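# A closer look at the structure
Single-letter residue listing:
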Amino acid sequence: MKEIRLDSPLNGQLIELKDVKDPAFASGAMGKGAAVKNPDGKVYSPVDGTVTVLFGTKHAIGIHADDGADILIHVGIDTVNLGGKYFDAKIAQGDTVKKGQLLLEFDPKGIQSEGYDTTTPVLVTNAFDYDKITVALGDKEITTVTAEPEEDKAETAEAPAAKVAEPEEDYSNLPKEERVAKLIWKYVGGRDNVRSAEHCATRLRLIINDKSKLDAKAIENIDGVKGQFFAAAQYQIILGTGFVDKVYDAFTAGTDLAGASNNKAEAYAQMSMAQKISRTLGDVFVPIIPVLVATGLFMGLRGACLSMGVQFSDNVLRMSQILTDTAFAFLPALVCWSTTKRFGGTPVIGIVLGLMLVAPQLPNAYAIAAGEAQPIMMNFLGIEVPVVGYQGSVLPALVLGIFAAKLQKWLKTFIPDVIDLIVTPFLTLFISMILGLLIVGPIMHWIELAVFGAVQTFLALPYGIGGFVVGGIHQVIVVFGVHHVFNALEVQLLATTGVDPFNAIITGAIIAQGGAAAAVAARTKNKKKRALYVSSIVPAFLGITEPVIFGINLRLMKPFLYALVGGACAGGIAGFLHLAGTGMGITVLPGTLLYLDHLPQYILVNVVGFAVAFALTFTLFNPEKEDEA
């Protein structure tokens, strides 16, 4: 048995590939190995060998080991978009390196501040040359068995031509990379259908003009293509390290695509207005979600203790309230900071503006709601305007952050550099404060109350109707990439009511996708395919559905539809039971921490979602017939 054992090239938390939030890595399509979560910022060579790949963006390194293994170290997810920012390579492509030699330094906090995940896959890309691959970090080891069962080899040997698309033209005399490039051009809809092209360490990334001209199944069946999917408005074709460079060069030869455009900007330009709004809200709220998740966990633990009759002293209770209430008391500061940063303003100006919205000199919003305080009435242009604090509000801070960032940029266009440091922040803060407290705040707060009041009413419809509808359509919204719009909804629900019923509804929709995929795996006879399916299913139990949606359910369609039914049933039960979490951002197994005081109901919702989707798919869908249809 041929085995390979690697010491992790990074320090951090060793995790399995299936837990990586990227379908190409999580499915094992790019190779086998493990990943390092929360790496410390230094990459060392795990082997003696030669650097075969080092991107100009420095985010990925390929090494051919002296013993024959091909190693890929890919720092972060989609970090190619950073263009090399935060990365400092200590070696060059073609260098000979020794085990333990420093290859790369990077800034994890800087990368995360741009909204990117720093989880780093460590892969053996020629994995099927080995029966067992082990990656070790400290006392932890992760081992992957890659040997293909003999019966599966026989199955694949019976019909070897079934996997490879047969082109009408004869490309057999061309080098492999040229043949793959020409076939991609053929099935992607021709040169007029590709707006821009770029590549990362493993994937060709295209912006497509008309998706209807695309033959995705034919592309996936090209010999040399390891997978394909749409993500962030990009069509990504998985080709593998080294080979992707050659295919990209052949693909762009004779065109003006190479280096012609920024795919990130092109992807944004390709989005619908709803997708742009969703992406913007995601960029704003994703950085503050970890704080709200932690706050929700504290609330859940306290609620569980109280429900079990645990008594707290006044001081302990006060300390717990500091943990659970601070983030929401100063929520406008968090939102305004993130918004100002997202739109190119100075983040500290956003923090100060957000704090102005909850300044102690203003009547507290919660006290006003309880009838314990009254708004300050100010005369503005002959109109009496109520001035209040905006504790727990989202929209006023969001709009004010956008305005402040735009105002600051405009002021910088004509204020001389010699006084810019003093005058620009002063005018930005002064104008934004007046506007926020007297105009934007009152208007946005009124709109906020109306919108979220309507949402709460819908979710509280009798017999769980609201939950049934939301649970049924949530994963469709995920597919269209506009689900980040719900971040603002969940933040507002938590800020105003202290609980999040939306989280309870969507957890059933998420586990239902895993249930449908599990049924597909259960009915698949080919053990190699089944193993690949299972590796995509596991992340669904952790709240990540992209691998099962794009890798299994949506490709086969019927399992996706049956999963929607399971999600609707689970959402209806959650709505009927008025189930709500004490936080947001985590679902399914991790989400149990938000429901410690309502655990039986939460388990019921997840079981129903999984069971309905699994039963429908297992009974009504035959992957052996329809996978190749």
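The structure this text deals with has already been given above.
My aim in this report is to walk through the structure given alongside it, one point at a time. (Residues numbered from 1 in each chain as written. Predicted model: local features only at pLDDT ≥ 70, side-chain atom pairs only at ≥ 80, totals over all residues. Heavy atoms only, no water.)

## Topic: the overall build of the chain
Filter applied, for reference: Numbering of helices and strands runs from the N terminus; a helix is a DSSP stretch of H or I covering at least four residues, while a strand is a stretch of E covering at least two. We take the radius of gyration over the C-alpha atoms and set the globule estimate at 2.2 Å times the residue count to the 0.38 power. For the exposure calls, accessible area comes from a 1.4 Å probe over protein chains only, and a residue counts as buried if that area is under 20% of its type's maximum, exposed if over 50%, partly exposed in between. Throughout, a residue-residue contact means that at least one pair of heavy atoms, one from each residue, lies within 4.5 Å. In short, Shrake-Rupley with a 1.4 Å probe defines the accessible areas, and a residue's cover is counted only from the protein chains shown. Only four residue types enter the charge count: Lys and Arg as positive, Asp and Glu as negative, with His and the chain ends excluded. Note on charges: their place is set at NZ of Lys, CZ of Arg, CG of Asp or CD of Glu.
A count of helices and strands for the chain gives 24 helices and 19 strands. The C-alpha atoms of the chain give 27 Å as radius of gyration, which agrees with the globular expectation for 629 residues (25 Å, within 12%). Expressed along its principal axes, the backbone C-alpha trace of the chain runs to roughly 80 × 65 × 50 Å. Residues counted as buried form 48% of the 629 residues belonging to the chain. Here the analysis covers contacts within the chain between residues at least 6 apart in sequence; of these, 72% occur between residues at least 24 apart. Total accessible area computed for the chain in this model is approximately 28,000 Å², and 61% of it derives from carbon and sulfur atoms. Across the chain, the 49 positively charged side chains and the 59 negatively charged ones have centroids separated by 1 Å.

## Examining the environment of Gln-234
Counting through the fold element by element, Gln-234 comes out in strand β17 (residues 234–238). Looking at Gln-234, the relative accessible area reads 4%, which means it is buried. Each C-alpha atom of the pair Gln-234 and Leu-206 lies 5.6 Å from the other, and the pair is 28 residues apart in sequence.

## Here's the deal with the pairing of strand β13 (residues 140–145)
How we decide: A pair of strands is considered paired only if DSSP assigns at least 2 bridges between the two.
Here strand β12 (residues 132–137) pairs with β13 via 6 bridges, running antiparallel. Along β13, the bridge assignment pairs Ile-133 with Thr-144. Between β12 and β13, which follow one another and run antiparallel, lie 2 residues, and Gly-138 among them has a positive phi close to 65°.

## Some words on the sheet that holds strand β11 (residues 120–124)
Spatial ordering of the open sheet is given by β2-β3-β11-β7-β6-β5-β9, a layout of 7 strands whose pairing is antiparallel. Looking at strand neighbours, the two that pair on one side only are β2 (13–15) and β9 (96–97), the edges of this open sheet. By the bridge criterion, 3 bridges tie strand β7 (residues 70–74) to β11 in an arrangement that is antiparallel. By the bridge assignment, Leu-72 is partnered in β11 with Leu-123.

## Focus: the pattern of salt bridges
Close approach of charged atoms lets side chains of opposite charge pair. Put simply, the test is: A carboxyl oxygen of Asp or Glu within 4 Å of a side-chain nitrogen of Lys or Arg is what we treat as a salt bridge.
Throughout the structure, instances matching the rule amount to 12 salt bridges. Residues Asp-19 and Lys-18 are paired through a salt bridge, measuring 3.6 Å at the closest nitrogen-oxygen approach. Asp-19 sits in the partly exposed class, given a relative accessible area of 23%. Glu-105 is paired through a salt bridge with Lys-90; the nearest N and O atoms lie 3.6 Å apart. Separated by 15 residues along the polypeptide, Glu-105 in strand β10 (residues 102–106) and Lys-90 in the loop between β8 (87–89) and β9 bring together distant segments of the chain.

## A few points about the nonpolar core
For clarity, the threshold we go by: Definition of nonpolar core: a set of buried residues of the types Ala, Val, Leu, Ile, Met, Phe, Trp, Tyr and Cys, connected through side-chain atoms within 4.5 Å.
By size, the foremost hydrophobic cluster in this structure holds 55 residues, and its most contacted members are Phe-285, Phe-328, Leu-331, Val-335, Val-491 and Phe-502. Per-element tally for this core: the top contributor is helix α17 (residues 485–497), with 7 residues. The next biggest cluster of nonpolar side chains, apart from the first, holds 34 residues, and it includes Ile-4, Val-43, Ile-63 and Ala-127.

## Quick look at helix α18 (residues 501–523)
What counts here: By definition here, a helix of n residues has an expected span of 1.5 Å times n minus one. Any pair of N or O atoms that falls within 3.5 Å is considered a polar contact. Within protein, one atom must be able to donate a hydrogen and the other to accept it, and sequence-neighbouring residues count only if both atoms are side-chain atoms.
The terminal C-alpha atoms of α18, which comprises 23 residues, lie 35 Å apart, in line with the 33 Å expected from a rise of 1.5 Å per residue. Within α18, 20 of the 23 residues are buried, leaving the element largely enclosed by the surrounding structure. For α18, the N-terminal capping position is held by Asp-500, with its side-chain oxygen 3.1 Å away from the main-chain nitrogen of Phe-502.

## Considerations on the packing of aromatic side chains
Rules: Each pair of aromatic rings taken from Phe, Tyr and Trp, with Trp reduced to its six-membered ring, is defined by centres within 6.5 Å and is described as stacked if the planes are under 30 degrees apart, edge-to-face if over 60, and tilted in the remaining cases. Remark: a charge is flagged as sitting over a ring if the NZ atom of Lys or the CZ atom of Arg is within 6 Å of the ring centre and within 35 degrees of the ring normal.
Scanning the model with the defined rule gives 8 aromatic pairs in all. Between Trp-185 and Phe-251, the ring centres sit 4.0 Å apart and the planes meet at 0°, which makes this aromatic pair stacked. Remark: Phe-251 occurs in helix α6 (residues 243–252) and Trp-185 occurs in helix α4 (residues 176–188); sequence separation between them is 66 residues. Classification of Trp-185 by relative accessible area gives buried; the value is 9%. Look at Phe-251 and you get buried, because its relative accessible area is 0%. Ring-pair connections join several aromatic residues into one group, and the members of that group are Phe-541, Phe-610, Phe-614 and Phe-618. The lysine or arginine in question, Lys-2, covers the ring of Tyr-130, its NZ or CZ lying 4.9 Å from the ring centre. For the cation-ring pair, Arg-523 lies above Phe-618, with the distance from its terminal atom to the ring centre recorded as 5.7 Å.

## Re the packing of helix α12 (residues 347–357) against helix α15 (residues 417–459)
Selection rule: The angle between two axes is taken between their N-to-C directions and runs from 0 to 180 degrees, where each axis is a line fitted to C-alpha atoms and a helix contributes only its stretch in contact. Each angle is binned into one of four classes, with values under 35 degrees roughly parallel, values over 145 roughly antiparallel, values of 65 to 115 roughly perpendicular, and all other values oblique. Should the near helix be turned anticlockwise from the far one by less than a right angle, the crossing is termed left-handed; should it be turned clockwise, right-handed.
For the pair α12 and α15, the least separation of the axes is 10 Å and the interaxial angle reads 30°. It follows from the interaxial angle that α12 and α15 lie roughly parallel. In this structure, α12 crosses over α15, and the sense of that crossing is right-handed. Counted together, Ile-349, Val-352, Leu-353, Met-356 and Leu-357 of α12 and Pro-425, Thr-428, Leu-429, Ser-432, Met-433 and Leu-437 of α15 form the full contact between these two elements.

## With respect to the side chain of Asn-126
Within the secondary structure, Asn-126 sits in the loop between β11 and β12. At a separation of 3.1 Å, a polar atom in the side chain of Asn-126 contacts the main-chain carbonyl oxygen of Gly-68. Discounting chain neighbours no more than four positions away, the residues touching Asn-126 are Gly-68, Ala-69 and Asp-70.

## Details of the sheet that holds β12
Strand order in the open sheet made by the 3 strands is β1-β12-β13, with mixed pairing throughout. Here the strands that pair on one side only, and so sit at the sheet edges, are β1 (3–7) and β13. Taking the axes of each pair of neighbouring strands and ignoring which way they run, one obtains an average angle of 15° across the sheet. In terms of strand pairing, β1 meets β12 through 5 bridges, oriented parallel. Considered in β12, the bridge of Arg-5 is made with Thr-134.

## Re unusual backbone geometry
Generally, phi is negative for residues other than glycine and the peptide bonds are trans, each holding for most cases. In this structure, Lys-58 takes a positive phi of about 60° despite not being glycine. Since its relative accessible area comes to 27%, Lys-58 is described here as partly exposed. Phi is positive for Val-588, close to 50°, though the residue is something other than glycine. Along the chain, the position of Val-588 falls in helix α22 (residues 588–591). Under the relative-accessibility criterion, Val-588 is labelled buried at 3%.

## Observations concerning the pairing of strand β18 (residues 376–380)
Where β18 and strand β19 (residues 383–387) come together, 5 bridges link them in antiparallel fashion. The partner of Ile-376 across the bridge, within β19, is Val-387. Counted between consecutive antiparallel strands, the loop separating β18 from β19 contains 2 residues, among which Leu-381 sits at a positive phi close to 55°.

## Quick look at the environment of Ala-89
Residue placement: Ala-89 occurs in strand β8. The partly exposed category is assigned to Ala-89, whose relative accessible area is 22%. Sequence-distant contacts of Ala-89, defined by excluding residues within four places in its chain, comprise Leu-54, Lys-58, Leu-103 and Leu-104.

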